[in-house]
Amino acid sequence: MNYGKHFSTRRTPQSQALLGQVPNSAGGHAFQIDKWQGLQRFLVLGSMGGSYYVEEKDLTIENAQSIQECIKEDGVRVVREIVEVSSEGRAAKNDPALFALAMCAGAADVTVRQAAIEALPKVARIGTHLFHFAEYVENFRGWGRSLRRGVGDWYKNQHIDNLAYQAVKYKQRDGWSHRDLLRLSHPKGNAEQKAVYDWICGREVPSTALPLVAAHADAVHLAAETDAKVATRLAIDAIREVNLPREALPTELLENPEVWTAMLPRMPLTAMIRNLGKMSSLGILKPMSDESEIVVKKLADLPAMQKARVHPMAILLALATYRSGHGVRGNLKWTADETIVGALDRAFYLSFKAVVPTDKRILLALDVSGSMTYPLMNSPLSCREGTAALAL
């Protein structure tokens, strides 16, 4: 009998497992990763949409169980890993880090809970992040004293200009608003901060105290009651004087090309990338125009890219969407400016310089099966394009 026909350490059929492999979700076999590798994978990739073989719910539960095991072994290390991945911009989305931090904030070990709450400002850097965290954390604990104090400190430690900006730009998300969180946390603050708290809670505030807040209130009021041309002119003045963000403007004003033209020079990089299609549909971004030149220069600004933590995948998705000439959702259509397409392509490769190296040896293995031709999370990209980008 030739026993070698049935077992070999040098030649193994794909239908059989190698030594040390376990069954995977695809019906094949793979090497088992440990729980800490699972934590890193979740923080970077998340579980939105599931995978080709695993539903979103099952994949999320599987990841959450790995995180729980890591927290039991060394919860403070988990918090440290979360902060590193989030603050270094290693993930395209911040939601997995916020979810894992909420799990740590509800841990049985008080030391882990304290570490998570102290790390909150490092992971929840904007109002939307804070609202996501508030929604997640209720799955793991109640609003005790330490959590209330941590959220209160998030507001108290904001510079007044940034606090006002957060109040008008990020008003609510996931059923939470700044008013809800202020009522729970009762933060302390100086006179200027308290004026912002009062405005958020619906109290009257002198316009001289908070120029940005006053400009936002005026824009909403004028758009509803004033002639459209007058409202547009006053909104443009406010944009130029106090940098009134897009989210602080009424929807009707956002259909005016002049308003977008005024916002573009000081528009945050991430917001600009997300709204390239909108601005092109309004006829603002045309070949050889001053506005297109502004976009090209912003996309070549590495320090700004590093500060905004723009992930390479975010730029690649923006490139694919903008080049397609239509949005993934809705009926928005535009004619792409080839100079901006080229600038996005260069920005994709430039953005890798904004990613902090791991200084580790990494094995790159790319799936080349037929399923990789499927769309990547309902985007214009295919999964094989996504995996090639991750390999870079």
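Residues numbered from 1 in each chain as written. Predicted model: local features only at pLDDT ≥ 70, side-chain atom pairs only at ≥ 80, totals over all residues. Heavy atoms only, no water.

1. Quick notes on a positive patch on the surface
- Taken together, the side chains of Lys 93, Arg 173, Arg 274 and Arg 329 present a region of like positive charge at the surface.
- Structurally, Arg 173 can be placed in strand β3 (residues 172-173). (Patch = residues over 30% accessible without salt bridge, like charges linked within 9 Å, V, L, I, M, F, W, Y side chains within 5 Å. Areas by Shrake-Rupley, 256 points an atom, 1.4 Å probe, with all protein chains shown as cover. Salt bridge = Lys/Arg side-chain N within 4 Å of Asp/Glu carboxyl O. Lys, Arg positive; Asp, Glu negative; His and termini not counted. Charge placed at Lys NZ, Arg CZ, Asp CG, Glu CD. Helix = DSSP H or I, 4+ residues; strand = E, 2+ residues; numbered from the N terminus.)

2. With respect to helix α11 (residues 228-242)
- For α11, spanning 15 residues, the distance from its first C-alpha to its last is 21 Å, which sits close to the expected 21 Å at 1.5 Å a residue.
- Considered for burial, the residues of α11 that qualify are Ala 231, Thr 232, Ala 235, Ile 236, Ala 238 and Ile 239. Buried residues in α11, looked at end-on, bunch into an arc of 160 degrees, giving them a common side. Away from its buried face by more than 90 degrees, α11 exposes Lys 229, Arg 240 and Glu 241.
- Downstream of α11 by one or two residues, Asn 243 has phi in the positive range, about 60 degrees. (Expected span 1.5 Å × (residues − 1). Buried < 20%, exposed > 50% of the residue type's maximum accessible area, 1.4 Å probe, protein only. Arc of directions from axis to C-beta.)

3. A closer look at the packing of aromatic side chains
- The tally for this structure, following the rule as stated, stands at eight aromatic pairs.
- Taking 5.6 Å as the distance between ring centres and 65 degrees as the angle between the ring planes, the aromatic pair formed by Phe 99 and Phe 140 counts as edge-to-face. Separated by 41 residues along the polypeptide, Phe 99 in helix α3 (residues 95-105) and Phe 140 in the loop between α5 (127-137) and α6 (145-156) bring together distant segments of the chain.
- A relative accessible area of 15% means that Phe 99 is categorised as buried.
- Each residue in the set Phe 42, Phe 99, Tyr 136 and Phe 140 is aromatic and connected to the rest through ring pairs, giving one cluster. (Phe/Tyr/Trp six-rings, centres within 6.5 Å; stacked < 30°, edge-to-face > 60°.)

4. A short note on a negative patch on the surface
- A cluster of acidic residues, Glu 55, Glu 56, Asp 58 and Glu 62, forms a negative patch on the protein surface.
- The residue Glu 62 is located in helix α2 (residues 56-87) in this model.
- Among the residues examined, Glu 62 registers a relative accessible area of 45% and is labelled partly exposed.

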